[in-house]
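Topology and contacts: notes
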Amino acid sequence: MKRLLILSALSVALMTSACVTVIDASDSDDLAWHGESAQPFDEARAACRTSTGKGQRRDEFRACMADKGWARS
């Protein structure tokens, strides 16, 4: 029983450690972004909006977010 508990805890830790997904975002467009070792999402989004002046569906915005570790699904 102890082995099963340890194995379960280890599995959960490994599954959640490699990838960050935005699941609690208020804007439905934000749900499609995912990243590994990425900057915090809200900060990256705000910086890209400011620097590009473009919306999330524009290539310039996507390139900016990619530089910060985020990609759209």
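Here the structure is a predicted model, which means the values were calculated and not measured.

Thresholds, definitions, all that
- Residues numbered from 1 in each chain as written.
- Predicted model: local features only at pLDDT ≥ 70, side-chain atom pairs only at ≥ 80, totals over all residues.
- Heavy atoms only, no water.
- Disulfide = S-S within 2.5 Å.
- Helix = DSSP H or I, 4+ residues; strand = E, 2+ residues; numbered from the N terminus.
- Buried < 20%, exposed > 50% of the residue type's maximum accessible area, 1.4 Å probe, protein only.
- Salt bridge = Lys/Arg side-chain N within 4 Å of Asp/Glu carboxyl O.

Covalent bonding between the sulfur atoms of two cysteines defines a disulfide. All chains considered together, the criterion is met by 1 disulfide. One disulfide in the model links Cys 48 with Cys 64; its S-S distance is 2.1 Å. Since a negative S-S torsion denotes a left-handed disulfide, the Cys 48-Cys 64 link at about -85 degrees is left-handed. Here Cys 48, found in helix H2 (residues 41-52), pairs with Cys 64, found in helix H3 (residues 59-67); they are 16 residues apart in sequence, far enough to count as distant. For Cys 48, a relative accessible area of 0% puts it in the buried group.

Close approach of charged atoms allows side chains with opposite charge to pair. Considering all chains together, one arrives at 2 salt bridges under this definition. As a salt-bridge pair, Arg 45 and Asp 42 come within 3.1 Å of each other at their nearest N and O atoms. Of this pair, Arg 45 and Asp 42 both sit in helix H2, 3 residues apart, roughly one helical turn. Given a relative accessible area of 15%, Arg 45 falls into the buried group. For Asp 42, a relative accessible area of 51% gives the class exposed.

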